[in-house]
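# Inside the fold
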Amino acid sequence: MTIDWNAFTPWSALAGGILIGLAAAIFVLFNGRIAGISGILGGLLRPPPGDSQWRVAFVLGLLGAPLLYGLPFTLPSPQIDAGYGALVAAGLLVGIGSRYGAGCTSGHGVCGLSRLSPRSAVATAAFMGAGFATVYVLRHLIAA
Amino acid sequence: MTFLTALLSGLIFGFGLILSGMANPAKVLGFLDLAGQWDPSLAFVMAGAIAVGSVAFLLARRRTLSFLGGAMHLPTARDIDRRLVAGSLLFGIGWGIAGFCPGPALVALGMAEMKALVFVAAMIAGMIIFEILEHAGATGTKPRAPRRNRT
């Protein structure tokens, strides 16, 4: 393992992480809910009456964030290297997997680990491990 | 009011993803590529988020009502089962292929990225497939109790 010192951005990563923690804090303290994106989005597909508004609001916030961020700051443009076929496969896996496993990086990773939930710790270890393994296979076994 | 606090929370969450670089799949993949040139940034994002989040959840655990007077919907599931592990593994494989997870994908969609739109459409299709399988009772041994908070 060699650290990519040019790509490594500890301070903006930490500051961005604090904002994410703050968002999760507002959400649990004011709405009484876990800020888990896959659950919020997936719950919109078959919501009981009166359960949609807060979900739509949170999703609108995420979608609108780059628009507001871009007003005072320069909006960094994302680099998406995956091709369209890979994006479809990845999207399907993320959609099915995060609902089947009841959480993603936000719900299990950020909120679950903050709650010291053993269940979320197992989930986080599983998806991180699978992520490491997948990138290893794609970049170092297949592409090499 | 819950609409406004949810909107604000989503906005701040999105700002955090943009500022930290996590809305950029190339940076996320830089973290997942342990054997290449490794970018540890994602670990710092998690550390910052958990530092703030753990205080909030400590507070939340002691409350029976939210600050706005609504019910607290904290997860009650404790079981570490095949669903949890298998689902998380599938999610992790998808995450490793494109470098997108649900939050950053929605933020990148807000940046009007065509590729993010394709990913999000496939992700929602995946969620619909899950709902169909779940409704048909085909996703596991234990049928899910309706609206139980399982995160």
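Residues numbered from 1 in each chain as written. Chains lettered and ligands numbered in written order. Predicted model: local features only at pLDDT ≥ 70, side-chain atom pairs only at ≥ 80, totals over all residues. Heavy atoms only, no water.

### Concerning helix 1 (residues 2–20) of chain B
All names here are of chain B. The line we're drawing: Helix and strand definitions here come from DSSP, where helices need a minimum of 4 consecutive H or I residues and strands a minimum of 2 consecutive E residues; each element is numbered from the N-terminal end. Take the number of residues in a helix, subtract one, and multiply by 1.5 Å to get its expected span. Burial status follows relative accessibility: with a 1.4 Å probe on protein chains alone, a residue under 20% of its type maximum counts as buried, one over 50% as exposed, and anything between as partly exposed.
Here helix 1 is 19 residues long and its end C-alpha atoms lie 27 Å apart, about the 27 Å a rise of 1.5 Å per residue gives. Among the residues of helix 1, those classed as buried are Thr-5, Ala-6, Ser-9, Gly-10, Leu-11, Ile-12, Phe-13, Gly-14, Gly-16, Leu-17, Ile-18 and Ser-20. Within two residues after helix 1, Gly-21 carries a phi angle of roughly 90 degrees, on the positive side.

### Let's talk about the interface of chain A and chain B
When the parts of a complex come together, some accessible area is lost, and that lost area is often used as the size of the interface. The condition is simple: What makes two residues a contact is simply this: any of their non-hydrogen atoms within 4.5 Å. The buried area of a pairing is the accessible area, by a 1.4 Å probe, that goes missing from both parts when the two are put together, added over both. Put simply, a salt bridge is a Lys or Arg side-chain nitrogen that is within 4 Å of an Asp or Glu carboxyl oxygen. Two N or O atoms form a polar contact when they lie within 3.5 Å of each other; inside protein one atom must be a possible hydrogen donor and the other a possible acceptor, and for residues adjacent in sequence the pair counts only when both atoms belong to side chains.
Between chain A and chain B, the residue contacts involve 111 residues of the former and 113 residues of the latter. For the pair chain A and chain B, the summed buried surface comes to about 10600 Å²; carbon and sulfur atoms form 75% of the total. Summed over the three residues of chain A that lose the most area to chain B, namely A:Leu29, A:Tyr100 and A:Arg119, the buried surface amounts to 8% of that side. One can count three salt bridges joining chain A with chain B. Put simply, B:Glu131 and A:Arg46 hold a salt bridge, and the shortest N to O gap is 3.8 Å. For the pair chain A and chain B, the interface holds 24 residue pairs in polar contact (both at pLDDT 80 or more). Where the side of chain A that touches chain B is concerned, the elements lending two or more residues are strand 1 (2–3), helix 1 (10–31), helix 2 (37–42), helix 3 (53–69), helix 4 (84–100), helix 5 (105–114) and helix 6 (118–142) of chain A. Per-element accounting of the side of chain A that touches chain B gives the leading share, 20 residues, to helix 1 of chain A.

### Some points on empty space enclosed by the protein
Note the cut-off: Only protein atoms enter the 1 Å grid used here, on which a cavity is any set of points holding a 1.4 Å probe that cannot leave and a pocket is any open set flanked by protein within 12 Å on both sides along at least five of seven lines; residues with an atom within 4 Å of a point are listed as lining. Grid points are joined across faces, edges and corners, and a volume is the space filled by probe spheres set on the points. Here the term charged refers only to Asp, Glu, Lys and Arg, the term nonpolar to Ala, Val, Leu, Ile, Met, Phe, Trp, Tyr, Cys and Pro, and the term polar to all other amino acids, Gly among them. Each domain span listed reflects an automatic or database assignment of domains.
Counted according to the given criterion, the structure contains two cavities of 30 Å³ or more. Reported here for the largest cavity is a volume of approximately 180 Å³. Contributing to the lining of the largest cavity are 18 residues, with A:Thr105, B:Leu17, B:Met22, B:Cys101 and B:Pro104 lying nearest its centre. Elements represented by at least two residues in the lining of the largest cavity include exactly helix 5 of chain A together with helix 1, helix 3 (41–61) and helix 5 (102–110) of chain B. Per-class residue counts for the lining of the largest cavity are 15 nonpolar, three polar and no charged. A domain-level breakdown of the lining of the largest cavity finds at least three residues from each of domain 1 (1–74) and domain 2 (78–142) of chain B. Together, A:Pro76, A:Ser77, A:Pro78, B:Ile18, B:Gly21, B:Ala23, B:Asn24 and B:Met111 line the second largest cavity. Taken together, the residues of the lining of the second largest cavity sort by class into five nonpolar, three polar and no charged.

### Some details on the nonpolar core
Note the threshold: Residues grouped as a nonpolar core are buried Ala, Val, Leu, Ile, Met, Phe, Trp, Tyr and Cys residues, joined through side-chain atoms within 4.5 Å.
Within the largest apolar cluster, 69 residues are counted, with the highest numbers of intra-cluster contacts made by B:Phe13, B:Trp95 and B:Phe119. No other element matches the nine residues that helix 1 of chain A contributes to this core. Excluding its chain neighbours within four sequence positions, the residues that come into contact with B:Phe119 are A:Leu87, A:Ala90, A:Gly91, A:Val94, B:Ala98, B:Phe100 and B:Ala105.

### Some words on the domain arrangement of chain B
All names here are of chain B. Assigned domains of chain B: these are domain 1 (1–74) and domain 2 (78–142). Once you take the C-alpha centre of each, domain 1 and domain 2 turn out to be 18 Å apart. Taken over both partners, the interface formed by domain 1 and domain 2 buries close to 770 Å², and the fraction arising from carbon and sulfur atoms is 84%. It is Ala-23, Pro-25 and Leu-29 in domain 1 that bury the most area against domain 2; as a group they hold 43% of the surface buried on that side. For the pair domain 1 and domain 2, the number of links is zero salt bridges. Run the count over domain 1 and domain 2 and you get zero residue pairs in polar contact (both at pLDDT 80 or more). When contributions to the side of domain 1 that touches domain 2 are tallied by element, the ones reaching two or more residues are helix 1 and helix 2 (25–32). For the side of domain 1 that touches domain 2, the element with the most residues is helix 2, which contributes four residues. When grouped by side-chain class, the residues that make up the side of domain 1 that touches domain 2 number nine nonpolar, one polar and no charged.

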